[in-house]
Amino acid sequence: MRRWMRIAACLAASAAVSAASADTIDIDGVKRSYTAQLPAKRLVPLVVVLHGKTQRGADMAARTAWPQVAKREGFAVVFPDGLNHAWADARTRAGPALRGPPPGTDDVAFIARLVEKLVANGTADPKRVYVAGISNGGAMAMTLVCARADLFAAGASVIMNLTDEAAITCHPSRPLPMLLMNSTADPLVPYEGGRGSSYFAADGFWSTEETLAFWRKLNGCETDDGEMTGLPDRAPADQSTVTRITSRCPTGHDVVLYRINKGGHRMPGFSSDARFPKVATGLLGPQNGDIDGAETIWTFFSQFP
């Protein structure tokens, strides 16, 4: 039964992607590409979804539930493409053998221009624009929240922690609600910080607890955990569980962590996030199936403003 549910989800994803359109935007003479799924309605919420390193926007559209959630809830979703399949976030140490964007790439300008375009043409409600990213895209999402908090209503980062470089340059113009979703057995971005066990891992990551404390401080929250809730183990075969940890923050400054216990460097979801699931599990660890990342993030985003 679960197999057929996954097949149905894949078919639904394909149908949703086919309704999307590809386009480009010029940033300092460089054509930057993106795929957008836009509803017929005007002035709707907009979610910018940022892929991980080695991926494209199309991978986020095909292997996450964002297209289905957007169609059901009536919001616009855009999947931009990083140059060289990567984002120029605030870090400079990207790990061995993984090429980053060309020198001088300004991805803050790219995403800002893209948001401004969709606001200017009447698609997006400027008060309901959100940014979410996974891995390198999660680092880019935090970089955008730090640099252009004026554009967004909330942000989310999946399987990524801060570094000294990212933190020292982070001066948001206002507090923004922030969701983190990190895994305790991540071989690339270690939950406890430092350098992961994978050959492709970079060094210098903060721990998730330090990253969570950073956002709590920026948002004027209390330093200790709020409520800690173990979520139902709906997929026992994945050998991982989820704990939701909230914060005591001023109204509208929420900071929440979804801790994926024994999960890998994967986007939680009800269908596979990889073309070759067994290979991905061997390289990146298990994918949690108790929650869906896109569904969970949208439920958080939809509270704000």
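Throughout this document, residue positions are counted from 1 along each chain, in the order its sequence is written. Residue-level local features of this predicted model are given only where pLDDT is at least 70; pairs of side-chain atoms are given and counted only at 80 or more, and the full residue set underlies all totals for whole chains, interfaces and linings. Processing note: side-chain calculations cover all non-hydrogen atoms of the structure and skip hydrogens and water entirely.

### Considering the pattern of salt bridges
Move 1: We define a salt bridge as a side-chain nitrogen of Lys or Arg found within 4 Å of a carboxyl oxygen belonging to Asp or Glu. Taken as a whole and judged by the stated rule, the model has 12 salt bridges.
Move 2: Residue Glu116 pairs with Arg148 through a salt bridge whose shortest N-O separation is 3.9 Å. A residue pair is termed long-range when its members are at least 10 positions apart, and Glu116 in helix α4 (residues 107–120) and Arg148 in the loop between α5 (136–147) and β6 (154–158) qualify at 32 residues.
Move 3: Type-normalised accessible area, obtained with a 1.4 Å probe on protein chains alone, sets the label of each residue: buried when under 20%, exposed when over 50%, and partly exposed for intermediate values. Owing to a relative accessible area of 22%, Arg148 belongs among the partly exposed residues under this scheme. In DSSP terms, a helix is any run of H or I states spanning at least four residues, a strand is any run of E spanning at least two, and both are numbered starting from the N terminus.

### Section: the side chain of Arg91
Move 1: With respect to the helices and strands, the residue Arg91 is situated in the loop between β4 (76–80) and α4.
Move 2: Note on contacts: a residue pair qualifies if any of its non-hydrogen atoms lie within 4.5 Å across the two residues. If sequence neighbours within four positions are ignored, Arg91 has contacts with Asn136, Ala139, Met160, Thr163, Glu165 and Phe205.

### Here we look at the sheet that holds strand β2 (residues 30–37)
Move 1: Across the sheet, which stays open at both edges, the 10 strands sit in the order β1-β2-β4-β3-β5-β6-β7-β10-β9-β8 with mixed pairing between neighbours. With partners counted over all chains shown, the strands left at the sheet margins are β1 (21–27) and β8 (225–230), one partner each. On average, each strand axis in the sheet is tilted by 20° relative to the strand beside it, whichever way the strands run.
Move 2: Bridge count for β6 against strand β7 (residues 178–183) is four bridges, and the pairing is parallel. Residue Val158 lies in a different strand from β7, and its bridge partner there is Met181.
Move 3: This element, α4, spans β1, β2, β3 (44–50), β4 and β5 (124–134) of the sheet and lies at about 120° to β1. The pairing criterion is simple: DSSP has to find at least two bridges between the two strands. Note on geometry: axes are C-alpha line fits, over the in-contact stretch for helices, and angles between N-to-C directions span 0 to 180 degrees.

### Thoughts on a nonpolar patch on the surface
Move 1: Any residue with relative accessible area above 30% and no salt bridge may belong to a patch, with like charges joined within 9 Å and the nonpolar Val, Leu, Ile, Met, Phe, Trp and Tyr side chains within 5 Å. Here, Shrake-Rupley sampling with a 1.4 Å probe gives the accessible areas, and only protein chains in the shown set may cover a residue. Residues Phe276, Val279 and Leu283 make up a contiguous nonpolar surface patch of roughly 340 Å² in combined accessible area.
Move 2: By the secondary structure assignment, Phe276 is in the loop between β10 (255–261) and α8 (277–284).
Move 3: Note on Phe276: relative accessible area 55%, which makes it exposed.

### Some details on the state of the cysteines
Defined simply, a disulfide is a covalent bond joining two cysteines at their sulfur atoms.
Move 1: By disulfide we mean two sulfur atoms from cysteines, separated by a distance within 2.5 Å. Applying the stated criterion to the full structure yields two disulfides.
Move 2: There is a disulfide in this structure between Cys146 and Cys170, and the S-S distance comes to 2.0 Å. Between Cys146 and Cys170 the disulfide shows an S-S torsion of about -85°. By sign, it is left-handed. Taken together, the residues Cys146 in helix α5 and Cys170 in the loop between α6 (164–168) and β7 connect sequence positions 24 residues apart. You'll find Cys146 and Cys170 in the same group, each marked buried.
Move 3: The disulfide that involves Cys221 links it to Cys249, with 2.1 Å between the sulfurs. Between Cys221 and Cys249, the S-S dihedral sits near 100°, and the bridge is therefore right-handed. Residue Cys221 is located in the loop between α7 (208–218) and β8, and its partner Cys249 is located in the loop between β9 (241–247) and β10; the two are separated by 28 residues in the primary sequence.
Move 4: Exposure remark for Cys221: the relative accessible area of 12% places this residue in the buried category.

By themselves, these observations are geometric and do not establish any function.
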